[in-house]
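# Descriptive structure summary
Given next are the chains, with one letter for each unit.
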Amino acid sequence: RRSYADEAKGAKARSEVARRGFEAEIVEGFGLGAAPPSMDALVVGVRQNIANGVANFPPFEAFVQAGVIRPGRGGHIDLLRDRLVFPIRDDMGRAIAFGGRKLDPEQEPKYLNSPESPVFHKSKSLYGIDRAKRAIIESKTAIITEGYTDVIACHRGGFTNAVATLGTA
(Lines give C-alpha, C1' and ligand atoms only; values in the text may rest on other atoms or scores of the structure.)
Protein backbone atom coordinates (compact mmCIF):
# COMPACT_ATOMS: atom_id res chain seq x y z
CA ARG A 1 0.00 0.00 0.00
CA ARG A 2 1.44 3.37 -1.03
CA SER A 3 1.39 6.36 1.24
CA TYR A 4 1.07 9.96 0.06
CA ALA A 5 4.79 10.40 0.78
CA ASP A 6 5.58 7.50 -1.57
CA GLU A 7 3.36 9.05 -4.26
CA ALA A 8 5.20 12.39 -3.95
CA LYS A 9 8.63 10.73 -4.13
CA GLY A 10 8.02 9.23 -7.56
CA ALA A 11 5.93 12.02 -9.08
CA LYS A 12 8.63 13.33 -11.44
CA ALA A 13 9.49 9.85 -12.70
CA ARG A 14 5.82 8.97 -13.21
CA SER A 15 5.37 12.24 -15.11
CA GLU A 16 8.29 11.37 -17.42
CA VAL A 17 6.92 7.86 -17.97
CA ALA A 18 3.48 9.29 -18.78
CA ARG A 19 4.98 11.93 -21.10
CA ARG A 20 6.64 9.14 -23.07
CA GLY A 21 3.42 7.12 -23.14
CA PHE A 22 4.90 4.10 -21.36
CA GLU A 23 2.10 1.90 -20.09
CA ALA A 24 2.29 0.02 -16.78
CA GLU A 25 3.12 -3.17 -18.73
CA ILE A 26 6.22 -1.49 -20.21
CA VAL A 27 7.31 -0.05 -16.85
CA GLU A 28 6.94 -3.49 -15.23
CA GLY A 29 8.40 -5.47 -18.12
CA PHE A 30 11.51 -3.33 -18.43
CA GLY A 31 11.76 -2.84 -14.65
CA LEU A 32 11.83 0.95 -14.82
CA GLY A 33 12.26 2.73 -11.52
CA ALA A 34 13.06 6.06 -9.95
CA ALA A 35 15.99 7.36 -7.97
CA PRO A 36 14.95 10.15 -5.60
CA PRO A 37 16.94 13.40 -5.44
CA SER A 38 18.36 12.48 -2.03
CA MET A 39 22.13 12.01 -1.92
CA ASP A 40 21.83 8.81 0.12
CA ALA A 41 18.46 7.10 -0.40
CA LEU A 42 20.10 3.94 -1.73
CA VAL A 43 22.79 4.03 0.95
CA VAL A 44 20.14 4.24 3.68
CA GLY A 45 17.99 1.53 2.08
CA VAL A 46 20.88 -0.88 1.67
CA ARG A 47 22.01 -0.35 5.27
CA GLN A 48 18.44 -0.90 6.52
CA ASN A 49 18.08 -4.15 4.57
CA ILE A 50 21.41 -5.40 5.89
CA ALA A 51 20.52 -4.38 9.48
CA ASN A 52 17.15 -6.11 9.16
CA GLY A 53 18.82 -9.32 7.97
CA VAL A 54 16.98 -9.47 4.64
CA ALA A 55 17.65 -12.93 3.22
CA ASN A 56 20.21 -13.16 0.40
CA PHE A 57 20.78 -9.39 0.46
CA PRO A 58 24.23 -8.48 -0.91
CA PRO A 59 26.80 -6.87 1.38
CA PHE A 60 27.23 -3.07 1.31
CA GLU A 61 30.58 -3.45 -0.47
CA ALA A 62 28.87 -5.12 -3.44
CA PHE A 63 26.99 -1.87 -4.12
CA VAL A 64 30.22 0.10 -3.85
CA GLN A 65 31.99 -2.33 -6.18
CA ALA A 66 29.11 -2.02 -8.66
CA GLY A 67 29.55 1.76 -8.54
CA VAL A 68 25.96 2.60 -7.59
CA ILE A 69 27.16 3.74 -4.15
CA ARG A 70 30.30 5.87 -4.10
CA PRO A 71 32.55 7.27 -1.43
CA GLY A 72 31.73 10.92 -0.86
CA ARG A 73 32.38 13.74 1.53
CA GLY A 74 31.70 12.45 5.00
CA GLY A 75 30.37 9.05 3.91
CA HIS A 76 28.85 7.34 0.92
CA ILE A 77 26.50 8.77 -1.72
CA ASP A 78 24.20 7.38 -4.41
CA LEU A 79 25.39 7.45 -8.02
CA LEU A 80 21.92 7.90 -9.48
CA ARG A 81 19.89 10.76 -8.03
CA ASP A 82 16.70 12.33 -9.36
CA ARG A 83 16.62 10.04 -12.37
CA LEU A 84 14.39 7.60 -14.20
CA VAL A 85 16.25 4.31 -13.76
CA PHE A 86 16.70 1.61 -16.40
CA PRO A 87 18.12 -1.74 -15.23
CA ILE A 88 20.75 -3.07 -17.63
CA ARG A 89 20.51 -6.85 -17.73
CA ASP A 90 22.58 -9.61 -19.22
CA ASP A 91 21.06 -12.11 -21.65
CA MET A 92 19.90 -14.25 -18.71
CA GLY A 93 17.91 -11.33 -17.25
CA ARG A 94 20.26 -10.62 -14.33
CA ALA A 95 20.74 -6.93 -13.47
CA ILE A 96 24.39 -6.08 -14.11
CA ALA A 97 24.21 -2.28 -14.09
CA PHE A 98 21.82 0.67 -14.14
CA GLY A 99 21.30 3.67 -16.35
CA GLY A 100 19.55 6.82 -15.30
CA ARG A 101 17.91 9.60 -17.32
CA LYS A 102 17.76 13.01 -15.72
CA LEU A 103 14.38 14.21 -14.49
CA ASP A 104 15.46 17.81 -13.87
CA PRO A 105 16.10 19.72 -17.12
CA GLU A 106 19.04 21.50 -15.48
CA GLN A 107 20.76 18.29 -14.40
CA GLU A 108 23.77 16.98 -16.31
CA PRO A 109 24.59 14.63 -17.84
CA LYS A 110 21.37 13.66 -19.55
CA TYR A 111 22.13 9.93 -19.11
CA LEU A 112 24.38 8.32 -16.53
CA ASN A 113 25.38 4.63 -16.44
CA SER A 114 26.87 2.52 -13.70
CA PRO A 115 30.64 2.38 -14.13
CA GLU A 116 32.38 -0.72 -15.46
CA SER A 117 32.58 -3.50 -12.88
CA PRO A 118 33.51 -7.18 -12.71
CA VAL A 119 30.05 -8.02 -14.15
CA PHE A 120 29.39 -4.98 -16.35
CA HIS A 121 31.46 -4.21 -19.42
CA LYS A 122 29.84 -1.39 -21.37
CA SER A 123 31.33 -2.43 -24.72
CA LYS A 124 30.15 -6.04 -24.27
CA SER A 125 26.62 -5.30 -23.09
CA LEU A 126 23.41 -4.42 -24.90
CA TYR A 127 20.37 -2.80 -23.31
CA GLY A 128 17.31 -4.97 -23.79
CA ILE A 129 19.18 -8.15 -24.75
CA ASP A 130 17.28 -10.13 -22.14
CA ARG A 131 13.95 -9.22 -23.76
CA ALA A 132 15.19 -9.35 -27.38
CA LYS A 133 17.32 -12.51 -27.35
CA ARG A 134 14.57 -14.91 -28.41
CA ALA A 135 13.31 -12.63 -31.21
CA ILE A 136 16.86 -12.10 -32.47
CA ILE A 137 17.46 -15.86 -32.61
CA GLU A 138 14.13 -16.51 -34.33
CA SER A 139 14.46 -13.69 -36.90
CA LYS A 140 18.24 -13.93 -37.27
CA THR A 141 18.26 -10.12 -37.20
CA ALA A 142 18.71 -7.43 -34.59
CA ILE A 143 17.73 -3.78 -34.61
CA ILE A 144 20.47 -1.73 -32.96
CA THR A 145 19.30 1.57 -31.49
CA GLU A 146 20.98 4.38 -29.63
CA GLY A 147 19.31 4.33 -26.25
CA TYR A 148 16.99 2.87 -23.65
CA THR A 149 13.85 4.66 -24.76
CA ASP A 150 14.49 3.77 -28.41
CA VAL A 151 14.52 0.08 -27.46
CA ILE A 152 11.31 0.48 -25.50
CA ALA A 153 9.65 2.32 -28.41
CA CYS A 154 10.64 -0.46 -30.81
CA HIS A 155 9.31 -3.16 -28.48
CA ARG A 156 6.06 -1.23 -28.05
CA GLY A 157 5.78 -1.17 -31.84
CA GLY A 158 6.23 -4.92 -32.14
CA PHE A 159 9.93 -4.90 -33.03
CA THR A 160 11.00 -7.11 -30.16
CA ASN A 161 14.42 -7.80 -31.67
CA ALA A 162 15.63 -4.28 -30.76
CA VAL A 163 18.59 -3.62 -28.44
CA ALA A 164 20.77 -0.57 -27.74
CA THR A 165 24.46 -0.01 -27.41
CA LEU A 166 25.53 1.53 -24.13
CA GLY A 167 27.25 4.68 -25.29
CA THR A 168 27.84 6.59 -28.46
CA ALA A 169 31.66 6.68 -28.33
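As a starting point, this report considers the structure included with it. (Residues numbered from 1 in each chain as written. Predicted model: local features only at pLDDT ≥ 70, side-chain atom pairs only at ≥ 80, totals over all residues. Heavy atoms only, no water.)

Another aspect to go through is the nonpolar core. By size, the foremost hydrophobic cluster in this structure holds 19 residues, and its most contacted members are Phe 30, Leu 32, Phe 86, Ile 88, Tyr 127 and Ile 152. For this core, the secondary structure elements donating two or more residues are α2 (11-19), α3 (24-30), β4 (83-89), β5 (95-102) and α7 (148-156). Excluding its chain neighbours within four sequence positions, the residues that come into contact with Tyr 127 are Phe 30, Leu 32, Phe 86, Pro 87, Ile 88, Tyr 148, Val 151, Ile 152, Val 163, Ala 164 and Leu 166. (Core = buried A, V, L, I, M, F, W, Y, C linked by side-chain atoms within 4.5 Å. Buried < 20%, exposed > 50% of the residue type's maximum accessible area, 1.4 Å probe, protein only. Helix = DSSP H or I, 4+ residues; strand = E, 2+ residues; numbered from the N terminus. Contact = heavy atoms within 4.5 Å.)

So, about the sheet that holds strand β6 (residues 111-113). Pairing between the strands of a sheet is mediated by backbone hydrogen bonds and can be parallel or antiparallel. Taking strand neighbours across the sheet as the criterion, the four strands line up as β1-β4-β5-β6 in an open arrangement whose pairing is antiparallel. Whereas interior strands pair on both sides, the edge strands pair on one side only; in this sheet they are β1 (33-35) and β6. When the angles between neighbouring strand axes are averaged without regard to direction, this sheet yields 35°. Pairing of β5 with β6, which is carried by three bridges, proceeds in the antiparallel orientation. Counted as the bridge partner of Arg 101 is Tyr 111 from β6. (Pairing = 2+ DSSP bridges. Axes fitted to C-alpha atoms, helices over the stretch in contact; angles between N-to-C directions.)

Turning our attention to the packing of aromatic side chains. Under the defined criterion, the tally for this structure stands at six aromatic pairs. Between Tyr 127 and Tyr 148, the aromatic rings sit 4.8 Å apart at their centres with planes inclined by 75°, giving edge-to-face as the arrangement. Of the two residues, Tyr 127 sits in the loop between β6 and α6 (129-139) while Tyr 148 sits in helix α7, which places them 21 residues apart along the sequence. Each member of the pair, Tyr 127 together with Tyr 148, is buried. By the ring-pair criterion, three or more aromatic residues cluster together here, those being Phe 30, Phe 86, Tyr 111, Tyr 127 and Tyr 148. (Phe/Tyr/Trp six-rings, centres within 6.5 Å; stacked < 30°, edge-to-face > 60°.)

Bringing α6 into the picture now. Residues that lie three or four places apart on an α-helix share one face, since the helix turns once every 3.6 residues. Among all positions in α6, only Ile 129, Ala 132, Ala 135 and Ile 136 are buried. Each buried residue of α6 lies within a common arc of 130° when the element is viewed along its axis, so the set occupies one face. Opposite the buried face of α6, by more than 90 degrees, sit the exposed residues Arg 134, Ile 137 and Glu 138. Against β4, α7 and β8 (162-164) lie the buried residues of α6. (Arc of directions from axis to C-beta.)

Between side chains of opposite charge, a pair can form as their charged atoms come close. This model, assessed by the stated rule, comprises eight salt bridges. In this structure, Lys 12 and Asp 82 form a salt bridge, with 2.8 Å as the shortest nitrogen-oxygen distance. Residue Lys 12 is located in helix α2, and its partner Asp 82 is located in the loop between β3 (75-78) and β4; the two are separated by 70 residues in the primary sequence. For Glu 108, the salt bridge is made with Lys 102, and the minimal N-O distance between the two is 3.3 Å. On the accessibility criterion, Glu 108 (58% relative accessible area) is exposed. Within the structure, one salt-bridge network assembled from shared partners comprises Glu 16, Arg 19 and Arg 20. (Salt bridge = Lys/Arg side-chain N within 4 Å of Asp/Glu carboxyl O.)

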